[in-house]
Amino acid sequence: MVSRVIPVETFDLVIFGGTGDLARRKILPGMFRRFLSGQMPQGSRIIGAARSEMDSAAFRAMTADAIAAFGGKESHDKKGLKDFLQCIDYIAIDAKGDAGWAELGAMVRQDVVQSFYFSVAPAFFGDLAERLHRNKIANADSRIVVEKPFGRDLESARALNATLAAHFDERQIYRIDHYLGKETVQNLMAVRFGNMLFEPIWNNHYVDHIQITVAETVSVEGRGAYYDKSGAMRDMVQNHLMQLLCLIAMEPPSQFGADEVRDEKLKVIRALQPVEPQHIVRGQYDADALGPSYREDAENPRSLTESFVAMKCHIANWRWAGVPFYLRTGKRMKARASEISVVFKDLGHTIFEGDEARHRNILSIRLQPNEGIDLQVTIKEPGPGGMRLVDVPLDMTFADALGPDAGDVPDAYERLIMDVIRGNQTLFMRGDEVEAAWAWTDPLIQGWEEREDVPKHYEAGSTGPEDALMLMHRDGRKWREIKA
Ligand code: NDP
Ligand code: BG6
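K.L.:
Describe helix α15 (residues 466-473), with residues and values.
P.N.:
Buried within α15 we find Ala468, Leu471 and Met472. Looking down the long axis of α15, one finds its buried residues gathered within 90° of arc, a one-sided arrangement. Among the structural elements, β7 (207-215), β8 (280-285), β9 (308-313) and β10 (325-330) are those in contact with the buried residues of α15.

In structure tokens:
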């Protein structure tokens, strides 16, 4: 196997919000794993920056706790941890005031790769950009990493893009969508553009429809205040599902370069048709023995926010005209299972007498768990008794196909942070992409707000509201089973 690893230069990574949940659960443990795999060149530093007053020793202790809690099996590497902690410092800083900025300026070096991760509430993104610039900490090669949500509609996304653009070039801005860092999401591009097999049939002549499901078992507990103002459409569809849709539907880029890929994704978003209200189903989970209802979790007894959404969309271009894309995502569902399925058309004619079954090839790309790809094909059922046909999966679970270590893929965040340090924007959203995604999403949300649409109830632990099943049944199709 040939592996091409692009070297990493010495860097300073400043994590604004270094004491926060995301830093503790994902960023710091992720950087520890990169350190252990030798991707943090000697002399590189990670600087936590947050409001809490503490010294570097206290932040190192907090980092060690975070790694113990969220670092996975690597967290047992005591020697590695000790060495990693030597690379970490902390600055108490006020994103909206003057405190800490001079100290940060003195600490961050100008002759190494500088990356500033904005892991704080979106209300601070503009302040951080402005202060990095005003205090002459950032330079023309610095990178900023901007977390989600990137705006809550087109207007706010435009305003945020403009604020960031006042201080940084587009080539310096890395808008995170962690779904783009997932192993199988990138594999989707490898499967499409690295094989002769699929591209000729990847169009409306052969594809009946495409389904994208991102089902979660978790509730919104603990994040109710944020989520209730957002809902599944803003939280998941506008970004993560939209990115998956783009990768599955885009034209082949001329090369695997940041702008080439993002140009093609942008064309898909711009070709998305408005969705008819009858093609959208919104839901809210009910209470069950394992947990409260959505409205209780959100502490809003009258909430009209959706914790589930399913929809049928169309892309108006030559490749996809007439092919429905069915999307669904929800919280407190039956299983944690995310999958993209390309369902090919039925055979035009069968030569096998007595075979009434509807045989279809289905290519499924499993994002999580158990990442892999499977292709449903029709074969002869073994044994005597004539030509009986049966559908079987040609299953490639990465861990089975590539050895046990293949299942041990880097977390999306750590992969993306290393891409920032390498200066590779391919897996980050460009400003125009985000705006186009909001331009498509806004009218759908406005539509149901104006109609005062009441989400349908669904049982926690189910596959979502009955109406979502009907969305498919009406078209003579059915959702793929959600199974862990
Ligand atoms: P938290 O509320 O857990 O952390 C917020 C961080 O911001 C803390 O480190 C806090 O410092 C710091 N902070 C608050 N006020 C200031 C200030 N005035 N100056 C400097 N620092 C300040 O948030 P999360 O970690 O959960 O989220 C961070 C970002 O990541 C958000 O944009 C969120 O939307 C996004 N995100 C988070 C996910 C998650 O799983 N947590 C998932 C996807 C996106 P202190 O603690 O010292 O007060
Ligand atoms: C986040 C959403 O962006 O993605 C969460 O805000 C969601 O609501 C999460 O739970 C899902 O990510 P993953 O990687 O667990 O599928």
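Having seen the model, we can carry on.
K.L.:
Tell me what's going on with the pattern of salt bridges, and back it up with residues and numbers.
P.N.:
Counted under the stated rule, the structure contains 39 salt bridges. Arg60 is the partner of Asp89 in a salt bridge, and the nearest nitrogen-oxygen pair spans 3.3 Å. One end of the pair, Asp89, is in strand β3 (residues 88-92); the other, Arg60, is in helix α2 (residues 56-70), with 29 residues separating them in the sequence. The shortest N-O distance in the salt bridge between Glu199 and Arg192 comes to 3.5 Å. Overall, Arg192 belongs to the buried group, its relative accessible area being 1%. Linked through salt bridges whose partners overlap, the residues forming this network are Lys96, Asp127, Glu130, Arg131 and Arg134.

K.L.:
Describe in detail the site of ligand 1, supporting the description with residues and values.
P.N.:
Ligand 1 sits among 22 residues. The nearest are Thr19, Asp21, Arg25, Ser52 and Val120. At 3.1 Å, a side-chain N or O of Asp94 approaches a nitrogen atom of ligand 1. Between ligand 1 and the protein, one listed contact pairs a nitrogen atom with a backbone N or O atom of Ala95 at 2.8 Å. Against a free-state accessible area of 910 Å², the protein chains account for coverage of 77% of ligand 1. A per-element tally of the shell around ligand 1 places helix α1 (residues 21-36) first, with three residues. In the shell around ligand 1, the residues fall into 10 nonpolar, six polar and six charged.

K.L.:
How would you explain the environment of Ser44 if you had to name every residue and give the values?
P.N.:
Checked against the element boundaries, Ser44 lands in the loop between α1 and β2 (45-50). C-alpha of Ser44 to C-alpha of Phe11: the two residues are 33 residues apart in sequence and 4.7 Å apart in space. Apart from residues lying up to four places away in sequence, Ser44 is in contact with Glu9, Thr10, Phe11, Cys87 and Arg109.

K.L.:
Break down the site of ligand 2 for me, with residues and values.
P.N.:
In the vicinity of ligand 2, the residues found are Lys148, His178, Tyr179, Lys182, Glu216, Arg223, Asp235, Met236, His240, Lys331, Arg336 and Gln368. Between ligand 2 and Arg223 there is a distance of 2.8 Å, counted from an oxygen atom to a side-chain nitrogen or oxygen. For ligand 2, an oxygen atom lies 2.6 Å from a polar atom in the side chain of Lys331. About the coverage of ligand 2: the protein hides 82% of its 390 Å² of free accessible area. Among the elements that make up the shell around ligand 2, the one with the highest residue count is helix α9 (residues 231-249) (three residues). Residue composition of the shell around ligand 2, grouped by class: two nonpolar, three polar and seven charged.

K.L.:
Explain the pairing of strand β5 (residues 143-146) to me, and be specific about the residues and the numbers.
P.N.:
Consecutive side chains along a regular strand alternate between the two faces of the sheet. Residues Arg143 and Val145 of β5 are buried on one face, and the alternating residues Ile144 and Val146, pointing to the opposite face, are buried as well. Handedness of the crossover joining strand β4 (residues 113-118) and β5 through helix α5 (residues 125-134): right-handed. Bridge count for β5 against strand β6 (residues 173-175) is three bridges, and the pairing is parallel. The residue of β6 that forms the bridge with Ile144 is Ile173. In this fold, β5 hands off to helix α6 (residues 154-165), which returns the chain to β6; that crossover is right-handed.

Rules of the game
Residues numbered from 1 in each chain as written. Chains lettered and ligands numbered in written order. Predicted model: local features only at pLDDT ≥ 70, side-chain atom pairs only at ≥ 80, totals over all residues. Heavy atoms only, no water. Buried < 20%, exposed > 50% of the residue type's maximum accessible area, 1.4 Å probe, protein only. Helix = DSSP H or I, 4+ residues; strand = E, 2+ residues; numbered from the N terminus. Arc of directions from axis to C-beta. Contact = heavy atoms within 4.5 Å. Salt bridge = Lys/Arg side-chain N within 4 Å of Asp/Glu carboxyl O. Near = heavy atom within 4 Å. Polar contact = N/O pair within 3.5 Å; in protein donor to acceptor, adjacent residues only side chain to side chain. Areas by Shrake-Rupley, 256 points an atom, 1.4 Å probe, with all protein chains shown as cover. Nonpolar A, V, L, I, M, F, W, Y, C, P; charged D, E, K, R; others polar. Right-handed = clockwise from strand over helix to strand, strands pointing away. Pairing = 2+ DSSP bridges.

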